[in-house]
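A structural walkthrough
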There are 2 protein chains.
Amino acid sequence: MGKIYVVGIGPGNELQMTGQAIRVLEESDVIVGYPVYLQLLGERFAGKEMCSTPMRQEKERCQLCVEKAKAGKLVSLVCSGDAGIYGLASLMYEISEGEMDIEIQVIPGVTAASSGAAELGAPLNHDFCVISLSDLLTPWEVIEKRLTAAAQGDFAIAIYNPGSHKRVDYLQRACDILLEFLPSNRPCGYVENIGREGTKITVCSLEELRLRQVNMFTTVFIGNSTTKVIRDKLVTQRGYQV
Amino acid sequence: MGKIYVVGIGPGNELQMTGQAIRVLEESDVIVGYPVYLQLLGERFAGKEMCSTPMRQEKERCQLCVEKAKAGKLVSLVCSGDAGIYGLASLMYEISEGEMDIEIQVIPGVTAASSGAAELGAPLNHDFCVISLSDLLTPWEVIEKRLTAAAQGDFAIAIYNPGSHKRVDYLQRACDILLEFLPSNRPCGYVENIGREGTKITVCSLEELRLRQVNMFTTVFIGNSTTKVIRDKLVTQRGYQV
């Protein structure tokens with residue numbers, strides 16, 4: 001029986017991986033991943049067979065894992081953050097649907113909602129939504145519908161993929177939708193380069209956020225109605241009477 | 001300057017902690033936490049000063065951290081899962097608001113949404129909401145509003161604290177709200193005792209979920225409109241054409 005681990009490696013540096021993730025990578029014969037993530041793994045796994053496919057060739061990457069597993073190798077497919085949150089876990093299940101002799105196991109990791117929130121303070125410390133602004137695989141109307149629902153439900157929100165050089169105004173468009181429901185002074189924040197060199201946090205209002213240029217290595221946080229700024233950190237109250 | 005780490009230790013066993021969490025606990029003079037979490041840490045930190053307060057005395061627990069930090073000790077306050085997701089990160093910021101000589105740092109961990117999803121397959125592999133059904137600190141009407149918004153936004157949903165011996169019918173009430181918007185055969189699942197002895201996963205329909213008795217060590221997952229069951233696992237599609 002072949003086996004493929006789909007492994008979340010957290011934000012990037014080894015200290016933020018779990019012991020379980022390190023263990024399965026050590027056990028594996030082959031490590032498959034997007035080239036940047038393979039680089040992030042660093043020296044520790046340098047002796048392993050490493051395979052990658054370019055960006056947007058995620059299907060091919062999963063198929064490569066199936067081929068390697070069928071050839072008798074123990075395979076780890078690495079994803080940044082958590083393997084099951086905008087990672088390749090679901091695609092791996094879909095691609096291997098008919099491959100009854102291959103077992104899939106997902107190894108969770110620290111997703112950017114958690115690691116970014118920790119940098120900013122505690123913006124997700126109550127019910128929250130995670131929404132990606134990438135419309136590569138999701139129609140923009142669906143993204144709009146979810147932003148609207150998140151605002152109507154008074155959720156704290158973590159926004160993944162808020163922009164890229166091709167999607168310059170997506171965060172602005174998202175903020176415009178949120179501003180239909182939320183006050184312009186709602187506390188927000190964003191984190192650039194989480195867990196890597198040059199980590200930078202910014203706390204601002206929703207109105208200010210609307211005008212910010214962010215890149216694809218940024219995670220954005222929108223507070224809920226109880227979020228306040230304490231000592232320059234974003235704190236969403238749990239409901240305790242302090 | 002005193003320092004308090006608020007540390008997410010993941011679902012329970014040491015393999016699911018990050019290296020960073022282990023490192024700060026090793027550095028700390030005092031480890032503070034709910035007694036069960038201190039036990040989960042096991043032998044590794046047995047030589048440390050360990051302090052706890054009973055359940056529902058979270059404010060006292062945070063105050064204890066402040067006192068210890070003021071006395072010159074390096075303190076870690078441990079939380080299960082992620083420290084900033086229904087953990088004590090925000091309360092720690094609130095309690096220490098005026099204590100300018102104490103630094104707070106949140107160390108993220110793997111939350112039950114990630115670790116539970118990994119057991120079930122990939123139920124959160126697109127935009128999702130996390131909602132707690134505990135009405136100890138949140139009015140039930142707010143919880144109802146969020147369940148409604150989550151269903152209207154076609155989010156995948158992770159439900160924390162779905163029940164306890166005092167809140168026997170809360171999951172049923174939540175399912176009744178979701179069933180106003182979602183089909184009765186919507187794929188769902190739940191995980192008991194994540195990351196501990198006796199981990200058990202169940203995949204079922206929303207209608208079936210409505211009738212299940214779950215305890216407080218259970219995390220529940222509701223699929224979105226693209227979620228399907230592949231080889232007994234819950235898989236929410238990312239949008240790739242397979």
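Here the structure is a predicted model, which is why all the values come from computation and not from measurement.

So, the overall build of chain A
The helix and strand tally for chain A stands at eight helices and 13 strands. Computed over the C-alpha atoms, the radius of gyration of chain A is 19 Å, within 12% of the 18 Å expected from 2.2 N^0.38 for a compact globule of 242 residues. Across its three principal directions, the C-alpha atoms of chain A cover 55 × 35 × 35 Å. Taking all 242 residues of chain A together, the buried fraction comes to 60%. When contacts within chain A are restricted to residue pairs at least 6 apart in sequence, those whose partners lie at least 24 apart make up 68%. Carbon together with sulfur atoms contributes 47% to the accessible area of chain A, which is approximately 9,300 Å² in total. Positive and negative charge centroids in chain A, built from 24 and 29 side chains respectively, lie 3 Å apart.

Topic: helix α7 (residues 170-179) of chain A
Where α7(A) is concerned, the buried positions are Tyr170(A), Leu171(A), Ala174(A), Cys175(A), Ile177(A) and Leu178(A). The buried residues of α7(A) occupy one face: seen down the axis, they fall within an arc of 160°.

Examining the sheet that holds strand β9 (residues 187-192) of chain B
Taken in spatial order, the 10 strands make up an open sheet running β10(A)-β9(A)-β11(A)-β8(A)-β7(A)-β7(B)-β8(B)-β11(B)-β9(B)-β10(B), and their pairing is mixed. Both edges of this open sheet fall to β10 (200-205) of chain A together with β10 (200-205) of chain B, since each of them pairs with a single strand only. Strand after strand, the sheet turns through a mean of 15° between neighbouring axes, direction not considered. In this structure, strand β8 (residues 156-160) of chain B lies alongside strand β11 (residues 218-222) of chain B, joined through three bridges in antiparallel fashion. In the strand pairing of β11(B), Ala158(B) is matched with Phe221(B). Contacts from helix α6 (residues 140-152) of chain B reach β7 (128-132) and β8 of chain B within the one sheet, and its direction differs from that of β7(B) by about 160°.

Side note on the sheet that holds strand β13 (residues 233-236) of chain B
Strand pairing within a sheet occurs via backbone hydrogen bonds; the two strands may be parallel or antiparallel. All names here are of chain B. An order of β6-β13-β12 is seen for the three strands of this open sheet, with the pairing classed as mixed. The sheet terminates laterally at β6 (121-122) and β12 (227-230), the two strands that pair on one side only. Sheet analysis places β6 next to β13, joined by two bridges and oriented parallel. Directly across from Ala122, in β13, lies its bridge partner Val235.

A closer look at the packing of helix α6 (residues 140-152) of chain A against α7(A)
Residue and element names in this part refer to chain A. Relative orientation of the contacting elements α6 and α7 amounts to 45°, with a least axis distance of 9 Å. It follows that α6 is oblique to α7 by the angle criterion. The interaxial crossing formed by α6 with α7 has right-handed handedness. Of the residues in α7, those touching α6 at Trp140, Glu144, Leu147, Thr148 and Ala151 are Tyr170, Arg173, Ala174, Ile177 and Leu178. Its residues placed into classes, the contact of α6 with α7 shows seven nonpolar, one polar and two charged.

With respect to the relation of the copies chain B and chain A
For the match of chain B to chain A, the screw axis carries a shift of 0.0 Å, the RMSD comes to 0.0 Å, and the turn is 180°. The transformation relating the two chain copies, once decomposed into turn and shift, fits a two-fold axis. The residues that chain B uses at the interface reappear at the interface of chain A in 99% of cases, marking a shared surface.

Quick word on the interface of chain B and chain A
The partner chain A presents 68 residues to the 69 residues of chain B that form the contact. In this assembly, chain B packs against chain A so that about 6,400 Å² is buried in total across both faces, 57% of it on carbon and sulfur atoms. Summed over the three residues of chain B that lose the most area to chain A, namely Arg146(B), Arg231(B) and Tyr240(B), the buried surface amounts to 12% of that side. Summed over the shared surface of chain B and chain A, the result is four salt bridges. Residue Asp127(B) pairs with Arg146(A) through a salt bridge whose shortest N-O separation is 2.8 Å. Linking chain B with chain A are 42 residue pairs in polar contact (both at pLDDT 80 or more), by the criterion used here. The element that contributes the greatest number of residues to the side of chain B that touches chain A is helix α4 (residues 89-95) of chain B, accounting for six residues. By residue class, the composition of the side of chain B that touches chain A is 30 nonpolar, 23 polar and 16 charged. Pairing analysis gives three bridges linking strand β7 (residues 128-132) of chain A to β7(B), with the strands arranged antiparallel. Following the sheet pairing, Val130(A) is matched in β7(B) by Phe128(B).

Comments concerning the environment of Ile31(B)
Residue and element names in this part refer to chain B. The residue Ile31 is located in strand β2 (residues 30-32) in this model. When the C-alpha positions of Ile31 and Gln16 are compared, they lie 18 Å apart, and in sequence the two are 15 residues distant. For Ile31, the residues in contact, after removing those within four places along its chain, are Leu25, Leu38, Leu41, Phe45, Lys48, Glu49, Met50, Cys51, Ser76 and Val78.

Describing the packing of aromatic side chains
One pass over the structure, following the stated rule, counts six aromatic pairs over all chains. Ring plane angle 70° and centroid distance 5.5 Å describe the contact between Tyr34(B) and Tyr37(B), whose orientation is recorded as edge-to-face. Cation over ring: Arg173(A) sits above Tyr170(A), and NZ or CZ is 4.7 Å from the ring centre.

What counts as what
Residues numbered from 1 in each chain as written. Chains lettered and ligands numbered in written order. Predicted model: local features only at pLDDT ≥ 70, side-chain atom pairs only at ≥ 80, totals over all residues. Heavy atoms only, no water. Helix = DSSP H or I, 4+ residues; strand = E, 2+ residues; numbered from the N terminus. Rg over C-alpha atoms; globule rule 2.2 N^0.38 Å. Buried < 20%, exposed > 50% of the residue type's maximum accessible area, 1.4 Å probe, protein only. Contact = heavy atoms within 4.5 Å. Areas by Shrake-Rupley, 256 points an atom, 1.4 Å probe, with all protein chains shown as cover. Lys, Arg positive; Asp, Glu negative; His and termini not counted. Charge placed at Lys NZ, Arg CZ, Asp CG, Glu CD. Arc of directions from axis to C-beta. Pairing = 2+ DSSP bridges. Axes fitted to C-alpha atoms, helices over the stretch in contact; angles between N-to-C directions. Parallel < 35°, antiparallel > 145°, perpendicular 65-115°, else oblique. Left-handed = near helix turned anticlockwise from the far one by under 90°. Nonpolar A, V, L, I, M, F, W, Y, C, P; charged D, E, K, R; others polar. Least-squares fit on C-alpha atoms with pLDDT ≥ 70 in both. Buried area = accessible area lost by both parts, 1.4 Å probe. Salt bridge = Lys/Arg side-chain N within 4 Å of Asp/Glu carboxyl O. Polar contact = N/O pair within 3.5 Å; in protein donor to acceptor, adjacent residues only side chain to side chain. Phe/Tyr/Trp six-rings, centres within 6.5 Å; stacked < 30°, edge-to-face > 60°. Lys NZ or Arg CZ within 6 Å of the ring centre and 35° of its normal.

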